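Survey of secondary and tertiary structure
One-letter residues, chain by chain:
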Amino acid sequence: MPKISNKGKQMPESPIRKLVPYSEIAKKKGHKVYHLNIGQPDIKTPEVAMNAVKNIDLTILEYSHSAGNESYRKKLANYYTNQGISVNTEDIIITTGGSEALMFAMGSTMDQGDEIIIPEPFYANYNGFSTASGVNVIPVISTIETGFALPAVADFEKLITPKTKAILICNPGNPTGYLYSKEEIMQLAALVKKHDLFLISDEVYREFTYDGDIHYSVMSVPGLEEHAIMIDSVSKRYSMCGARIGCIVSKNKEVMTTAMKFAQARLSPPTIEQIASEAALDTPQSYFDEVISEYRERRDTLIEELNKIDGVIVSKPKGAFYCIAQLPVNNADAFAQWLLESYDLDGETVMVAPAAGFYSTSGMGLNQVRIAYVLKKDDLISAVRILKAAIPVYNATQTQA
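Here the structure is a predicted model, which is why all the values come from computation and not from measurement. (Residues numbered from 1 in each chain as written. Predicted model: local features only at pLDDT ≥ 70, side-chain atom pairs only at ≥ 80, totals over all residues. Heavy atoms only, no water.)

As a further point, take the sheet that holds strand S8 (residues 246-249). With mixed pairing, seven strands are arranged side by side in an open sheet as S2-S8-S7-S6-S5-S3-S4. Looking at which strands have only one partner, the edges of the open sheet turn out to be strand S2 (92-95) and strand S4 (136-141). Neighbouring strand axes in the sheet, compared pairwise and without regard to direction, differ in orientation by 25° on average. Judged from the four bridges that link them, S2 and S8 form a sheet pairing that is antiparallel. Note on S8: the bridge partner recorded for Ile93 is Ile248. Each of S2, strand S6 (198-202), strand S7 (228-233) and S8 is contacted by helix H9 (residues 253-265), which is oriented at about 25° to S2, the strand it contacts most. (Pairing = 2+ DSSP bridges. Helix = DSSP H or I, 4+ residues; strand = E, 2+ residues; numbered from the N terminus. Axes fitted to C-alpha atoms, helices over the stretch in contact; angles between N-to-C directions. Contact = heavy atoms within 4.5 Å.)

This is the structure:
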């Protein structure tokens, strides 16, 4: 029998999606499942984007330019300029989601066996992208006790080897909700310039910041033009996860010329979704004001409810719509499966994402979960009520075992 590749064997499972079969079984039992596991907003997609799709008048669904429609890239460059990020149309390549943008970034800057340093916990698919690219992830650990703040620059520097090609951050962070300050970004900028590395910044949650904190982009750092690569996406900003439109942005001409080869190899990004994404740029500020206010309230509700559970440790996220919670259980993976397989409270249960999958260091995050506060406040309260009731029952089953 033919064998699959070693790379295929090494590809990690998604901690976000691997429990889906158990949630399906729970639903077949008639249980309501509160999905805290996935960052799928319940916020409506902007009307201007949906109308653009409804009103499409095409006789042929053609390829677009490999870099994406020029009209979209031009409009996107203007959007970034208004965000204080000065880029031109040629600094942008449209991709099939932020995922493809990350693959292009790694493929353009790293060879087989090269290394990328990433503060962990990090977006779980960074492990998958790195494995697919033949790149080794070198983690630098941030802790729940510090709210997942940027580790000391010395912690990064001691990990740098001749194989190190880049540092990758997510800002604001998935899964932690941490927002890097301007000072932290400047520290990383100085480090990559010192060691001649790339600084790749996944900024798909840029708009989602709270409490007056301001997002600072790597593309805004003076003198970092040759080092900075920004990853972006429409998925969360406009609640358009299914559109699968993102982009890679850099002032480094060699990087963009190389990324363009990857873009040409996959032909072009989706046509209809680009039309929707271009229209979404006309979304009024009032939309974001309402959405951010709603997420802030959801965050506050979630943190308040979690803090009512004895033994839970959780830091208050500054951005995005996720948090990491440390639970008083010995194995969050087993607990998450048990919730779906063996537990309900009045016919309801909860699905969470075990946090160990957001680390690459073995043994880290074993009693942590990532929670996405993308549900309405009443649902968040109900979900945490179930968690509070479930934890002692689960621990009792472990004691008996």
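What follows picks up the thread again.
What follows deals with the sheet that holds strand S10 (residues 322-326). Spatial ordering of the open sheet is given by S9-S10-S13-S12, a layout of four strands whose pairing is antiparallel. With one partner strand each, in any of the chains shown, strand S9 (313-314) and strand S12 (353-354) form the two edges of the open sheet. Of the strand pairs in this sheet, S10 and strand S13 (residues 368-372) are connected by five bridges, and their pairing is antiparallel. The residue of S13 that forms the bridge with Gln326 is Gln368. Of the strands in this sheet, S9, S10 and S13 touch helix H11 (residues 285-306), which is tilted by about 5° from S10.

Now for the domain arrangement of the protein chain. Once the domains are mapped, the protein chain shows domain 1 (6-44 + 286-400) and domain 2 (47-281). Taken together, the contact pairs 39 residues of domain 1 with 35 residues of domain 2. Across the interface of domain 1 and domain 2, roughly 3200 Å² is buried in total on both sides, 61% from carbon and sulfur atoms. Put simply, domain 1 and domain 2 have one salt bridge between them. Salt-bridge contacts for Asp211 lead to Arg299; the nearest nitrogen and oxygen are separated by 2.8 Å. Put simply, domain 1 and domain 2 have 14 residue pairs in polar contact (both at pLDDT 80 or more) between them. Residue assignment for the side of domain 1 that touches domain 2 shows that the elements contributing at least two residues are helix H1 (6-10), H11, S9, S10 and S13. It is H11 that contributes the most residues to the side of domain 1 that touches domain 2, seven residues altogether. Residue composition of the side of domain 1 that touches domain 2, by class: 23 nonpolar, 10 polar and six charged. (Domains from an automatic or database assignment. Buried area = accessible area lost by both parts, 1.4 Å probe. Salt bridge = Lys/Arg side-chain N within 4 Å of Asp/Glu carboxyl O. Polar contact = N/O pair within 3.5 Å; in protein donor to acceptor, adjacent residues only side chain to side chain. Nonpolar A, V, L, I, M, F, W, Y, C, P; charged D, E, K, R; others polar.)

Bringing the packing of aromatic side chains into the picture now. This structure, assessed with the given rule, holds 17 aromatic pairs. Judged by centre distance (5.4 Å) and plane angle (90°), the rings of Tyr123 and Tyr126 are edge-to-face. By relative accessible area, Tyr123 is classed as buried at 19%. Centre to centre, the rings of Tyr287 and Phe288 are 5.4 Å apart; their planes meet at 90°, and the pair counts as edge-to-face. We classify Phe288 as buried; its relative accessible area is 8%. (Phe/Tyr/Trp six-rings, centres within 6.5 Å; stacked < 30°, edge-to-face > 60°. Buried < 20%, exposed > 50% of the residue type's maximum accessible area, 1.4 Å probe, protein only.)

Over its 13 residues, H9 extends 19 Å from the first C-alpha to the last, a length consistent with the 18 Å expected when each residue adds 1.5 Å. Looking at H9, one finds that the buried residues are Val255, Met256, Ala259, Met260 and Ala263. Viewed along the axis of H9, the buried residues span an arc of 140°, placing them on a single side of the element. Facing away from the buried surface of H9 by more than 90 degrees, the exposed residues are Glu254, Thr257, Lys261 and Ala265. On its buried face, H9 sits against S2, helix H5 (97-109), S6, S7 and S8. At the N-terminal boundary of H9, the capping side chain belongs to Asn252, with an oxygen 3.0 Å from the backbone nitrogen of Glu254. In the segment just after H9, Leu267 is the residue with positive phi, at about 80°. (Expected span 1.5 Å × (residues − 1). Arc of directions from axis to C-beta.)

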